[in-house]
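As a plain string of letters, each chain reads:
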Amino acid sequence: MIYSDLKTLSRALHEKRISSVELARLFLDRVTRLNPELNAFITVDEEKTIAAAKAADQRLAAGSAGMLTGIPLAEKDLFCAEGWLTTCGSKMLQNFVSPYDAAVVTKLEREAGMVSLGKVNMDEFAMGSSNETSWFGAVKNPWDKTCVPGGSSGGSAAAVAAYLAPVATGTDSGGSIRQPAAFCGLSGIKPTYGIVSRYGMVAFASSLDQGGVIAHSAEDCALVLSAMAGFDERDSTSLERPAEDYSRLLGQPLDGLKIGLPKEFFGEGANAEVVSAVLLVVEEYKRLGAKIVDVALPNSHLSVPVYYVIAPAEASSNLSRFDGLRYGYRAPDCNDLSEAYTKSRAEGFGAEVKRRIMIGTYVLSHGYYDAYYLKAQRVRRLIADDFRKAFRECDVILGPTSPTTAFNIGERTSDLVALYLSDIYTIAVNLAGLPGLSIPSGFDGQGLPIGLQLIGNYFDEARLLNVAHLYQQATDWHTRRPQGF
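What counts, and at which threshold
- Residues numbered from 1 in each chain as written.
- Predicted model: local features only at pLDDT ≥ 70, side-chain atom pairs only at ≥ 80, totals over all residues.
- Heavy atoms only, no water.
- Helix = DSSP H or I, 4+ residues; strand = E, 2+ residues; numbered from the N terminus.
- Contact = heavy atoms within 4.5 Å.
- Salt bridge = Lys/Arg side-chain N within 4 Å of Asp/Glu carboxyl O.
- Buried < 20%, exposed > 50% of the residue type's maximum accessible area, 1.4 Å probe, protein only.
- Phe/Tyr/Trp six-rings, centres within 6.5 Å; stacked < 30°, edge-to-face > 60°.
- Lys NZ or Arg CZ within 6 Å of the ring centre and 35° of its normal.
- Patch = residues over 30% accessible without salt bridge, like charges linked within 9 Å, V, L, I, M, F, W, Y side chains within 5 Å.
- Areas by Shrake-Rupley, 256 points an atom, 1.4 Å probe, with all protein chains shown as cover.
- Axes fitted to C-alpha atoms, helices over the stretch in contact; angles between N-to-C directions.
- Parallel < 35°, antiparallel > 145°, perpendicular 65-115°, else oblique.
- Left-handed = near helix turned anticlockwise from the far one by under 90°.
- Pairing = 2+ DSSP bridges.

**Q** It is not clear to me how the environment of Phe 79 should be interpreted in this structure. Could you clarify?
**A** Inspection of the secondary structure puts Phe 79 in the loop between strand 2 (72-76) and helix 4 (103-111). Discounting residues that sit within four places of it in the chain, Phe 79 has contacts with Thr 86, Ala 102, Val 104, Val 105, Lys 119, Thr 169, Gly 170, Thr 171, Gly 200, Met 201 and Gly 211.

This is the structure:
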């Protein structure tokens, strides 16, 4: 049962072949047995989980249950959930219990009736590409426990890949859903910016952050995204659009679909095995009726430097609220207000968070704002314009999710440029606010998953998910399981 897709689980629950409580206990047992070797979960509260499962069973018995009612999920630990620890992977919030629910938690758990198994590990305040910056320790990749699972949603990806949960929420500021999905052999979608409310989602870079889903298949992603998306007046960046069923196009043929291949995604820096696997997918899409066209994204190589100006700038502003006074970690034995600020932030934040705060403060400072931040915003517009031009020639853009497969834990902690470049194909999507999806497309010679990225035009998630779904119907990469799990 734990290896089933969401439709199968839903059918079993509605047909009373298993109860939500029984299903939750199956996954909780796996978390108890397997999490110590993966470090995917930060917080598990069996009492809360079983109480939610009992409420789901009552809805199922009353005939008022929806398709997702009673299905377990793992929540990334920067979504506030009432009564749960919400740590953001940081010492700064290691004891913070949220007094309210994030919009995503309300939609998935309170409205759709899904059952939280707990909060999963992440890079501290979502700053990282490997899930090694967490105060709670690195997460291990189920495919090879000496490798990283990707970041920042590495706990979400590891939990789903090891079947500790059938689906997980994640957030994506520069690839933090898609890259872990690629490294762990999963499907992960970052929707158009503004589709999913950021209310109650602890902010890293407000103009880039977007909630999404990590699951085993594009179909599962579509089902959960349909429940979690929607307008929220509490979020000023939320888009007022009618509700969508993102699974509505699944199964439609691809005849006439134009898939664009940007040459910038297949050049120097991309691993040969990754490129080879992606090009094999292109051949499969041709067989499915799609037409392949060449497109150009000439400014995409600037996405990493632009990101590492804009994201730290926004982070330095957002994280200023963690001052050691109102909530979060407070350093002991401080003699005055200034010392309380400096010691609490110095002790409460990790090295990567402090690095980005300092960079962000610098680029926003007097005399440097125009030279760095304003210039980065102008280049951001050029990157978005490149995508607009490309979508005049094609319907979907295809390329690798990451230049390589998962790398070893500790391998890039002393080479930050190499670490940052692992997101070189994903960051531009966030800068433009577009939807992006990663799906499995094979394995390298070491048996590690290879990810394929599909990028759609604004609000084109349903078509994007169908393009991924049809490929998954023709292949079995997304059904492979890591050995031992």
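**Q** Hey, could you run me through the pattern of salt bridges in this one?
**A** Opposite charge on two side chains allows them to pair when their charged atoms are near. Within this structure, the stated rule accounts for 22 salt bridges. When the shortest N-O distance is used, the salt bridge between Arg 110 and Asp 101 registers 2.7 Å. The exposure class assigned to Arg 110 is partly exposed, which follows from its relative accessible area of 40%. Look at Asp 101 and you get buried, because its relative accessible area is 12%. Note that Asp 323 is salt-bridged to Arg 326, the shortest N-O span being 2.9 Å. When its relative accessible area of 58% is taken as the criterion, Arg 326 is described as exposed.

**Q** Explain the packing of aromatic side chains to me, please; I cannot follow it from the model alone.
**A** Each aromatic ring pair is described using two quantities: the centre-to-centre distance and the angle formed by the ring planes. For the coordinates displayed, the defined rule picks out 18 aromatic pairs. Measuring from centroid to centroid gives 5.8 Å for Phe 96 and Tyr 327, while their planes differ by 35°, and the two rings are tilted. Remark: Tyr 327 occurs in the loop between helix 9 (303-318) and helix 10 (337-348) and Phe 96 occurs in the loop between strand 2 and helix 4; sequence separation between them is 231 residues. Summarising the aromatic geometry, the rings of Tyr 307 and Tyr 308 are spaced 4.9 Å apart at their centres and angled 80° between planes, so their arrangement reads as edge-to-face. Each member of the pair, Tyr 307 as well as Tyr 308, is classed as buried. Through a chain of ring-to-ring contacts, the aromatic side chains of Phe 96, Phe 125, Phe 322, Tyr 327 and Phe 349 assemble into a single cluster. The ring of Phe 459 is capped by Arg 241, whose NZ or CZ atom sits 3.8 Å from the centre of that ring. Here the basic side chain of Arg 481 rests over the ring of Tyr 3, its NZ or CZ set 3.7 Å away from the ring centre.

**Q** Explain a nonpolar patch on the surface to me, please; I cannot follow it from the model alone.
**A** Residues Leu 325, Leu 337 and Tyr 341 make up a contiguous nonpolar surface patch of about 240 Å² in total accessible area. Here Tyr 341 shows up in helix 10.

**Q** Just to check I follow, could you spell out the packing of helix 2 (residues 20-38) against helix 3 (residues 46-62) for this structure?
**A** Axes are the key here: two packed helices are described by the angle between their axes and the distance separating the axes. Between helix 2 and helix 3, whose axes approach to 8 Å, the crossing angle comes to 150°. It follows that helix 2 is roughly antiparallel to helix 3 by the angle criterion. The chirality of how helix 2 crosses helix 3 is right-handed. Along its contact with helix 2, which presents Ser 20, Val 21, Ala 24, Arg 25 and Leu 28, the element helix 3 presents Glu 46, Thr 49, Ile 50, Ala 53, Lys 54, Ala 56 and Asp 57.

**Q** How should I be thinking about the pairing of strand 6 (residues 211-215) in this particular structure?
**A** Across the five residues that make up strand 6, a large majority, five, are buried. What you see with strand 6 is no split at all: Gly 211, Val 213 and Ala 215 on one side and Gly 212 and Ile 214 on the other are buried throughout. Alignment of strand 4 (residues 167-171) against strand 6, held across five bridges, turns out to be antiparallel. Paired with Thr 171 across the two strands is Gly 211, which belongs to strand 6. Looking at chain direction, strand 5 (residues 187-190) and strand 6 are connected through three bridges and run antiparallel. Its bridge partner lying in strand 6, Ser 187 is registered against Ala 215.

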